[in-house]
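# Coordinates in review
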Amino acid sequence: MSTLLALDASSSACSAALWHDGEVTARFVVAPREHTRRLLPMARELLAEAGLPLSGLDAVAYGRGPGSFTGLRIAAGAAQGLAYGLERPLLGVSTLAALALAAHRRLHLRHVLPALDARMGEVYAAAYHCEAGRVTLIGEEAVLPPERLALPAGQEERDWVGVGSGWALWETMPATLQAGVGQCLVDEEPGAEAMVRLAAEAFAAGEGEAPHRVQPVYLRDQVAWKKSR
C-alpha cells in the first residue's frame with residue numbers, strides 16, 4: 001500500500017491528485033495563467049481531506065511533458081520542492097500517456113492517439129495500446145507538423161481514436177491518417193488523476209528517482225517520429 005501525490009500544469013488545465021491505498025481523489029480546473037497560484041493549494045486540500053500530513057507521502061509525481069514549457073517548469077518546481085523537502089522519490093509521468101489512460105478508463109478505448117497542440121505549427125503526439133487499465137506506448141513520443149502524423153506501421157486497420165488539443169488541426173492531417181481515425185476528442189486535457197495512477201503503478205514496480213534526476217520532457221529539437229514509408 002502506498003500514498004502518492006501528483007501535480008500537473010502542462011496545459012491550460014491545472015490539477016492535483018492523491019493516491020492513497022488504491023483510492024484516488026483529485027482536483028482539476030481549467031485556469032490559464034493561474035497554475036502557480038492554484039497548484040499547491042489543491043494538493044494541500046487533498047491531503048487535508050484524507051487526513052494525511054505531507055510526511056505521509058511515499059512519493060511525488062508530476063506531468064513531465066510534453067506540454068507548455070512554462071507549465072512544465074511550474075509543476076516540476078513544485079514537485080521537486082516537495083520531494084526534496086520530504087526526501088522522497090520523484091516520478092515524471094508522460095502527459096500523452098495520461099491522456100491515453102484517461103480516455104481508456106472513461107470510454108474503454110483500446111487504440112488511442114494522444115496529440116497536443118505544440119504551437120509553431122506542430123503537435124506533440126504518440127500512439128498507445130490500452131488494455132485492462134494499462135497503457136503501452138507504441139514507438140516513441142514526438143513533436144512534428146500535423147501533416148506528417150501517421151498511424152503506427154502495420155496497425156492502420158485498428159479503430160484509432162484521437163485525443164487532445166492537437167486534433168483541432170484535423171484539416172491539415174494526411175488523408176491516410178484521417179481514414180484510420182474514427183473519432184476525435186479535441187477537448188480532452190492531461191490531468192493528475194490519470195498521472196497518479198500511472199505513477200502508483202511505476203512506484204510499485206520499483207521506479208522513482210532522486211528529485212534532481214527527474215527533468216521535464218520538452219521534445220523540441222528531438223527527432224522521434226519516423227514517418228511511415
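Residues numbered from 1 in each chain as written. Predicted model: local features only at pLDDT ≥ 70, side-chain atom pairs only at ≥ 80, totals over all residues. Heavy atoms only, no water.

## A look at the overall build of the chain
Within the chain one finds 5 helices and 10 strands. The C-alpha atoms of the chain give a radius of gyration of 17 Å, which matches the 17 Å a tight globule of 229 residues would have. For the chain, the spread of C-alpha atoms along the three principal axes comes to 55 × 35 × 30 Å. By the burial criterion, 52% of the 229 residues in the chain qualify as buried. For the chain, the share of sequence-separated contacts (at least 6 apart) that also reach a separation of at least 24 residues comes to 65%. Between the averaged position of the 21 positive side-chain charges in the chain and that of its 26 negative side-chain charges there is a distance of 3 Å. (Helix = DSSP H or I, 4+ residues; strand = E, 2+ residues; numbered from the N terminus. Rg over C-alpha atoms; globule rule 2.2 N^0.38 Å. Buried < 20%, exposed > 50% of the residue type's maximum accessible area, 1.4 Å probe, protein only. Contact = heavy atoms within 4.5 Å. Lys, Arg positive; Asp, Glu negative; His and termini not counted. Charge placed at Lys NZ, Arg CZ, Asp CG, Glu CD.)

## So, helix H2 (residues 69-86)
Between its first and last C-alpha, H2 extends 26 Å over 18 residues, near the 26 Å set by a 1.5 Å rise per residue. Buried within H2 are the following residues: Gly-71, Leu-72, Ala-75, Ala-76, Ala-78, Ala-79, Gln-80, Leu-82, Ala-83 and Leu-86. (Expected span 1.5 Å × (residues − 1).)

## A word on the side chain of Gln-80
Relative to the helices and strands, Gln-80 resides in helix H2. A distance of 2.9 Å separates a polar side-chain atom of Gln-80 from the backbone oxygen of Val-214. Not counting residues within four places of it along the chain, the set of residues in contact with Gln-80 comprises Leu-90, Pro-211, Val-214 and Gln-215. (Polar contact = N/O pair within 3.5 Å; in protein donor to acceptor, adjacent residues only side chain to side chain.)

## Some thoughts on the environment of Ala-79
As for its position among the elements, Ala-79 is in helix H2. As a C-alpha pair, Ala-79 and Ala-61 span 18 residues in sequence and 6.6 Å in three-dimensional space.

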